Amino acid sequence: AQKVTQAQTEISVVEKEDVTLDCVYETRDTTYYLFWYKQPPSGELVFLIRRNSFDEQNEISGRYSWNFQKSTSSFNFTITASQVVDSAVYFCALSEATNYGQNFVFGPGTRLSVLP
Amino acid sequence: NAGVTQTPKFRILKIGQSMTLQCTQDMNHNYMYWYRQDPGMGLKLIYYSVGAGITDKGEVPNGYNVSRSTTEDFPLRLELAAPSQTSVYFCASRKEQGTGITYEQYFGPGTRLTVT
């Protein structure tokens, strides 16, 4: 069975601080996909990144970076120099390649508040 | 492209009433999904479809029905609404076949439903 854990329920930081959101996953598949989504206060879900299980290269996109480590089953998300507009709920998700249609499991989310 | 659209945006139902939540996508995606998001929680899969005429249950299907007569549309039917169905409902889609496969799901803006 697949599972996604986001142990941090809520995080508050002051603007310009760096913050890391943790994501730990469980899967029996050797091929799987990991995702991060952002849900701002307006409520929509915005896709941020996808990572394949066979590509452990970390990725940086502007102030965002992602650290994928298969050895610890983690896919952590770091925001550098946080801004108020980063305030949102962030979801980590997992999809197994062998059960694509059904299994797209979301973690419970981490609410990030960036204070001015 | 409009992407994934959902109607209505808000709805209040009385206990026992029925309604249909509409979802349409114009990206020619074959996979479509319905999720519910309860307050402060992550997303739970209600139903999904891998193509026109094919649907299957997700994690929390009780009290709901779906149909998929076309590639574009994936309506969710609530019969005999109950307070436990108060939630935000998200429709999502992705492409699995042919060229331009997307592993990530693209979400509609959501429908906020209250049952009193």
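Each remark here, short or long, concerns the structure printed above.
Residue numbering note: each chain is counted from 1, following its sequence as written. To read the labels, note that chains go from A and ligands from 1, taken in the order they are written. Two thresholds apply to this predicted model, a pLDDT of at least 70 for residue-level local features and 80 or more for giving and counting side-chain atom pairs, whereas whole-chain, interface and lining totals are computed over all residues. The basis for every side-chain value is the complete set of non-hydrogen atoms in the structure, without hydrogens or water.

What about the overall build of chain B?
- Helix numbering and strand numbering both begin at the N terminus, where a helix is a DSSP run of H or I of at least 4 residues and a strand a DSSP run of E of at least 2. Across its full length, chain B holds zero helices and 11 strands.
- Of the regular secondary structure in chain B, the N- to C-terminal order runs β-β-β-β-β-β-β-β-β-β-β.
- Every radius of gyration here is taken over C-alpha atoms, with the globule rule written as 2.2 Å times N^0.38, N being the number of residues. Taken over the C-alpha trace, chain B has a radius of gyration of 14 Å; the compact-globule value for 116 residues is 13 Å, and the two agree within 12%.
- Overall, chain B is about 45 × 25 × 25 Å in size when its C-alpha atoms are taken along their principal axes.
- Per-residue burial over chain B gives 47% buried out of 116 residues.
- Residues are treated as being in contact if the distance between any of their heavy atoms lies within 4.5 Å. Within chain B, counting contacts between residues at least 6 apart in sequence, those at least 24 apart form 56% of the total.
- For the area figures, the Shrake-Rupley method with a 1.4 Å probe applies, and any residue is considered shielded solely by the protein chains shown. When the accessible area of chain B is evaluated, it comes to approximately 5500 Å², of which 51% is carbon and sulfur surface. When accessible area is computed with a 1.4 Å probe and restricted to protein chains, residues below 20% of their type maximum are described as buried, those above 50% as exposed, and intermediate ones as partly exposed.

Considerations on the interface of chain B and chain A
- Taken together, the contacts link 17 residues of chain B with 16 residues of chain A.
- Carbon and sulfur atoms make up 61% of the area that chain B and chain A hide from each other, which totals about 1600 Å².
- Between Lys or Arg on one side and Asp or Glu on the other, a salt bridge is scored when a side-chain nitrogen of the former is within 4 Å of a carboxyl oxygen of the latter. Inspection of the chain B/chain A interface yields one salt bridge.
- Its salt-bridge partner being Glu104(B), residue Arg50(A) comes within 3.1 Å of it at the nearest N-O pair.
- Every element with two or more residues in the side of chain B that touches chain A is listed here: strand 4 (31–37), strand 5 (43–51) and strand 9 (87–94) of chain B.
- It is strand 4 of chain B that contributes the most residues to the side of chain B that touches chain A, four residues altogether.
- When grouped by side-chain class, the residues that make up the side of chain B that touches chain A number 10 nonpolar, three polar and four charged. In short, buried area is how much 1.4 Å probe accessible area vanishes from two parts on joining, totalled over both. Polar here means any residue other than Ala, Val, Leu, Ile, Met, Phe, Trp, Tyr, Cys and Pro, which are nonpolar, and Asp, Glu, Lys and Arg, which are charged; Gly is therefore polar.

Observations concerning unusual backbone geometry
- With omega at -5°, the peptide bond leading from Thr7(B) into Pro8(B) counts as cis.
- In this structure, Ser73(A) takes a positive phi of about 50° despite not being glycine.
- Looking at the element boundaries, Ser73(A) is found in the loop between strand 8 (64–69) and strand 9 (74–79).
- The backbone of Leu80(B) sits at a positive phi, close to 50°, despite the residue not being glycine.

Observations regarding the state of the cysteines
Residues and elements named next belong to chain B.
- When the sulfur atoms of two cysteines come within 2.5 Å, that pair is taken as a disulfide. The tally for this structure, following the rule as stated, stands at two disulfides over all chains.
- Linked covalently through their sulfurs, Cys 23 and Cys 91 form a disulfide whose S-S length is 1.8 Å. On the S-S bond that ties Cys 23 to Cys 91, the torsion sits near -70°, and the link is left-handed. Pair noted here: Cys 23 is in strand 3 (residues 19–25) and Cys 91 is in strand 9, with a separation of 68 residues, a long-range link.
- The class of Cys 23 is buried, set by a relative accessible area of 1%.

Some remarks on the pairing of strand 5 of chain B
Residue and element names in this part refer to chain B.
- Buried residues dominate strand 5, accounting for seven of its nine residues.
- Strand pairing follows a simple DSSP-based rule, namely that at least 2 bridges must link the two strands. By the bridge criterion, six bridges tie strand 4 to strand 5 in an arrangement that is antiparallel. Its bridge partner lying in strand 5, Gln 37 is registered against Leu 43.
- Two strands pair when backbone bridges link them, and strand 5 and strand 6 (residues 54–57) are joined in this way by four bridges, in the antiparallel orientation. Looking at strand 6, one finds that Tyr 48 is bridged to Asp 56.
- Between strand 5 and strand 6, which pair antiparallel in sequence order, lie two residues; one of them, Gly 53, sits at a positive phi of approximately 85°.

Here we look at the environment of Gln105(B)
- Take Gln105(B): it is sitting in the loop between strand 9 and strand 10 (106–107).
- Take Gln105(B): its relative accessible area is 0%, and that puts it in the buried class.
- Discounting residues that sit within four places of it in the chain, Gln105(B) has contacts with Tyr37(A), Phe104(A), Tyr33(B), Tyr35(B), Ala92(B), Ser93(B) and Arg94(B).
- Between N or O atoms, a polar contact is any pair within 3.5 Å; within protein, one atom must be a potential hydrogen donor and the other a potential acceptor, and residues adjacent in sequence are included only when both atoms are from side chains. Side-chain polar atoms of Gln105(B) contact the side chain of Tyr35(B), separated by 2.9 Å.

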